[in-house]
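Architecture at a glance
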Protein chains: 2
Amino acid sequence: MTEKQEKILTAALELFAQEGYKVTSTSKVARQAAVSEGLIFRHFKNKEGLLDAIMKEGEKRAKLLFADIVLETDPKTVILKTLEMGIKTVQNQSESNFWKLQYKIKWELEEYNAHKVEPLLYALVRAFEKLNYPEPEFEANSLMILIDGLAMRYFLDQQFEIDGQIEFLKRKYNL
Amino acid sequence: MTEKQEKILTAALELFAQEGYKVTSTSKVARQAAVSEGLIFRHFKNKEGLLDAIMKEGEKRAKLLFADIVLETDPKTVILKTLEMGIKTVQNQSESNFWKLQYKIKWELEEYNAHKVEPLLYALVRAFEKLNYPEPEFEANSLMILIDGLAMRYFLDQQFEIDGQIEFLKRKYNL
DNA sequence: TATATTTGTAAGTGATTACTCACTATGACA
DNA sequence: TGTCATAGTGAGTAATCACTTACAAATATA
């Protein structure tokens, strides 16, 4: 991975996350990366290849993040870590861009990929089981859906105060 | 409102909701509406004017939908109607396209417009107050966030079974 | 019926798109 | 040192973009 290759990836991640994938031109990516446009196609074949490289890079980081939760045995800690996962990662700039891109891409390309979060979902089901919730599957699903909603508000609503809302949810789940 | 004008609006709503606003070309809208491209600009001035017309038309329908909930006095019915609002409207094709466009536009243009749903939010706060929930504001907000998450899954995840999830939520809220 | 206004079309406009191609610069290894 | 692969550039390409313009058809008004 050369220096310019990384510059292209960083520029593309930022632009795709902020403006959107389809509407961001390769010329704009090249300009922001201070690189000739042709170099993008040399390294990543085409625009889609550039997106793939970004997503693959990001998936690694996501797996690391999920692993910490899935390996947890205490049920309350599983739920707590799941709830706090969002805020913590989102502080970091490039990490934030990656998660924003994940959601933006879902709406742009209309593919949800529920299987990506399956391990996390199962960890939550087990956690709610241990805590004797009557319907652990539905409960886990609801929490995942709630987190999608939280992410949406966090990224799109400037006014939204996510910390207070998450503190409330901790109280609700007796954490 | 001429016949061709309505044809343009219908075609644009469908294409904007399915492909996205920015990436849908005016020539494609014209082709789907079986109309010359120039007519779009005659009637709606520019592409943005076309989007505005669609959104304004849809806001009327949204207000009608919200009014039915906001005017309700029984707190449990307010929560119930809010939960079921989604599924009912989404059955109808053009209504479904309108709601999908609402969400898609949020991500494409990055403007959340929380004030649009303010009346609904306040109705929920009052409902949770009446039911003696300890933190009605947070509770109402959580429900709204949950609904955003539900909508996201409904529109993007083919596998997602929304009815079961909503029945579960009814049980959780003792409805 | 004569005139004015609105509705509609088709063929343009320059700008921008993703991508290619011919070329040069750099560095590793024989 | 000479050769070869990789890294990088900049000027091209046809296609498509939102939008305009000149003109015709249809409709309303006098």
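Before reading further, recall that the structure is shown in the block above.
The shown structure was predicted, so the numbers you read here are calculated from the model rather than taken from an experiment.

1. Details of the layout of surface pockets
- Taken as a whole, the largest pocket spans an internal volume of roughly 940 Å³.
- If you trace the largest pocket, you find 42 residues lining it, with B:Phe66, B:Trp99, B:Gln102, B:Lys106 and B:Val117 closest to the centre.
- Element by element, the count of residues in the lining of the largest pocket is highest for helix α4 (residues 47–70) of chain B, at 10 residues.
- For the lining of the largest pocket, the residue count by class is 26 nonpolar, six polar and 10 charged.
- Quantified by volume, the second largest pocket comes out at close to 680 Å³.
- Around the second largest pocket sit 35 residues that line it, and A:Phe66, A:Met85, A:Trp99, A:Tyr103 and A:Val117 are the ones nearest its centre.
- At the level of secondary structure, the elements contributing two or more residues to the lining of the second largest pocket comprise α4 (47–70), α5 (75–91), α6 (93–109), α7 (118–130), α8 (136–156) and α9 (162–172) of chain A.
- Taken together, the residues of the lining of the second largest pocket sort by class into 24 nonpolar, five polar and six charged.

2. Looking at the protein's contact with DNA strand C
- Around DNA strand C, 16 residues are found, and the nearest of them are A:Thr26, A:Lys47, B:Ser36, B:Arg42 and B:His43.
- Each atom of DNA strand C within 4 Å of the protein was classed as base or backbone; sugar and phosphate made up 55%.
- A:Thr24 is positioned with one of its backbone polar atoms (N or O) 3.3 Å from a phosphate oxygen of DNA strand C.
- Measuring from a phosphate oxygen of DNA strand C, one finds a side-chain N or O atom of B:Lys4 at 3.0 Å.
- Of all the secondary structure elements, the ones that give two or more residues to the surface near DNA strand C are α2 (26–33) and α3 (37–44) of chain A together with α3 (37–44) of chain B.
- The dominant element in the surface near DNA strand C, judged by the number of residues it contributes, is α3(B), at four residues.
- Considering only residue class, the surface near DNA strand C consists of three nonpolar, nine polar and four charged.

3. Brief notes about the relation of the copies chain A and chain B
- Superposition record for chain A on chain B: RMSD 0.0 Å, screw rotation 180°, translation along axis 0.0 Å. In symmetry terms, the pair is related by a two-fold rotation axis. Considering only C-alpha atoms, the part of chain A nearest the rotation axis is A:Gly149, at 2.0 Å.
- The overlap is high: 100% of the interface residues of chain A also sit at the interface in chain B, so the same surface is used on both sides.

4. Notes on the interface of chain A and chain B
- In this complex, chain A contributes 36 residues to the contact, which on the side of chain B involves 36 residues.
- Interface area for chain A against chain B, summed over the two sides, is near 3700 Å², with a carbon-plus-sulfur share of 64%.
- Contact with chain B buries surface across chain A, with A:Trp107, A:Ile145 and A:Leu156 losing the most and accounting together for 23% of the total.
- One can count 10 salt bridges joining chain A with chain B.
- A salt bridge links A:Glu110 to B:Lys104; its shortest N-O distance comes to 2.6 Å.
- Elements with a minimum of two residues in the side of chain A that touches chain B: α1 (3–19), α6, α8 and α9 of chain A.
- In terms of residue count, α8(A) provides more of the side of chain A that touches chain B than any other element does, 14 residues in total.
- Considering only residue class, the side of chain A that touches chain B consists of 17 nonpolar, six polar and 13 charged.

5. Some thoughts on the protein's contact with DNA strand D
- In the neighbourhood of DNA strand D, 16 residues make up the surrounding shell, with A:Lys4, A:Ser36, A:Arg42, B:Thr26 and B:Lys47 lying closest.
- Atoms of DNA strand D within 4 Å of the protein belong to the sugar or the phosphate in 52% of instances, the rest to bases.
- Side-chain polar atom of B:Ser25 to a phosphate oxygen of DNA strand D: 3.2 Å apart, as the coordinates give it.
- Contact between DNA strand D and B:Ser27: a phosphate oxygen at 3.4 Å from a side-chain N or O atom of the residue.
- Every element with two or more residues in the surface near DNA strand D is listed here: α3 of chain A together with α2 (26–33) and α3 of chain B.
- Of the residues that constitute the surface near DNA strand D, the class distribution is three nonpolar, nine polar and four charged.

6. A word on helix α9 (residues 162–172) of chain B
- Taken together, the buried positions of α9(B) are occupied by B:Ile162, B:Gln165, B:Ile166, B:Phe168, B:Leu169 and B:Lys170.
- Those residues of α9(B) that are buried are in contact with α8 of chain A together with α5 (75–91) and α8 (136–156) of chain B.

7. Considering α7(A)
All names here are of chain A.
- With 13 residues, α7 should reach 18 Å at 1.5 Å per residue; the first-to-last C-alpha distance of 18 Å fits that figure.
- Turning to α7, its buried residues are Leu120, Leu121, Ala123, Leu124, Val125, Ala127 and Phe128.
- Check the buried side of α7 and you find it contacts α4, α5 and α8.
- Where α7 terminates, the next one or two residues include Asn132, which has phi positive at roughly 60°.

8. As for the pattern of salt bridges
All names here are of chain A.
- Tallied over the entire structure, the rule returns 28 salt bridges over all chains.
- Measuring nitrogen to oxygen at the nearest pair gives 3.8 Å for the salt bridge that ties Lys116 to Glu59. Of this pair, Lys116 sits in the loop between α6 and α7 while Glu59 sits in helix α4; the two residues are 57 residues apart in sequence, bridging distant segments of the chain.
- Connected through shared salt-bridge partners, Glu84, Lys88, Glu167 and Lys170 make up one network.

What counts and what doesn't
Within every chain, residues take consecutive numbers counted from 1 along the sequence as written. Ligands are numbered from 1 and chains lettered from A, in the order in which they are written. Local features in this predicted model are restricted to residues whose pLDDT is 70 or higher, and side-chain atom pairs enter the listing and the counts only when it is 80 or higher, whereas totals over whole chains, interfaces and linings include all residues. Hydrogens and water are ignored here; the side-chain numbers use all heavy atoms of the structure. Grid points spaced at 1 Å and placed over the protein atoms alone form the basis of the search, with a cavity being a set where a 1.4 Å probe fits but cannot get out and a pocket an open set showing protein on both sides within 12 Å along at least five of seven lines. Lining residues have an atom within 4 Å of a point. Grid points are joined across faces, edges and corners, and a volume is the space filled by probe spheres set on the points. The way it works is that DSSP assigns letters per residue, a run of H or I at least four long becomes a helix, a run of E at least two long becomes a strand, and they are numbered from the N terminus. Note on residue classes: Ala, Val, Leu, Ile, Met, Phe, Trp, Tyr, Cys and Pro are nonpolar, Asp, Glu, Lys and Arg are charged, and everything else, Gly too, is polar. Think of it this way: one heavy atom of a residue within 4 Å of a molecule or strand is enough to make that residue near it. Any N or O atom pair separated by 3.5 Å or less is treated as a polar contact, with the protein-specific requirement of one donor-capable and one acceptor-capable atom, and with residues adjacent in sequence counted only for side-chain atom pairs. Only residues with pLDDT of at least 70 in both copies contribute their C-alpha atoms to the least-squares superposition of the copies. Contact criterion: two residues are considered in contact whenever any of their non-hydrogen atoms come within 4.5 Å of each other. Buried area counts how much accessible surface, traced with a 1.4 Å probe, disappears from two parts once they are put together, with both parts' losses summed. The term salt bridge refers to a pairing of a side-chain nitrogen on Lys or Arg with a carboxyl oxygen on Asp or Glu at a separation within 4 Å. Burial classes: relative accessible area under 20% of the type maximum marks a residue as buried, over 50% as exposed, and values in between as partly exposed (1.4 Å probe, protein chains only). Each helix should span, by expectation, one fewer than its residue count multiplied by 1.5 Å.

Geometric values such as these leave the question of function open.
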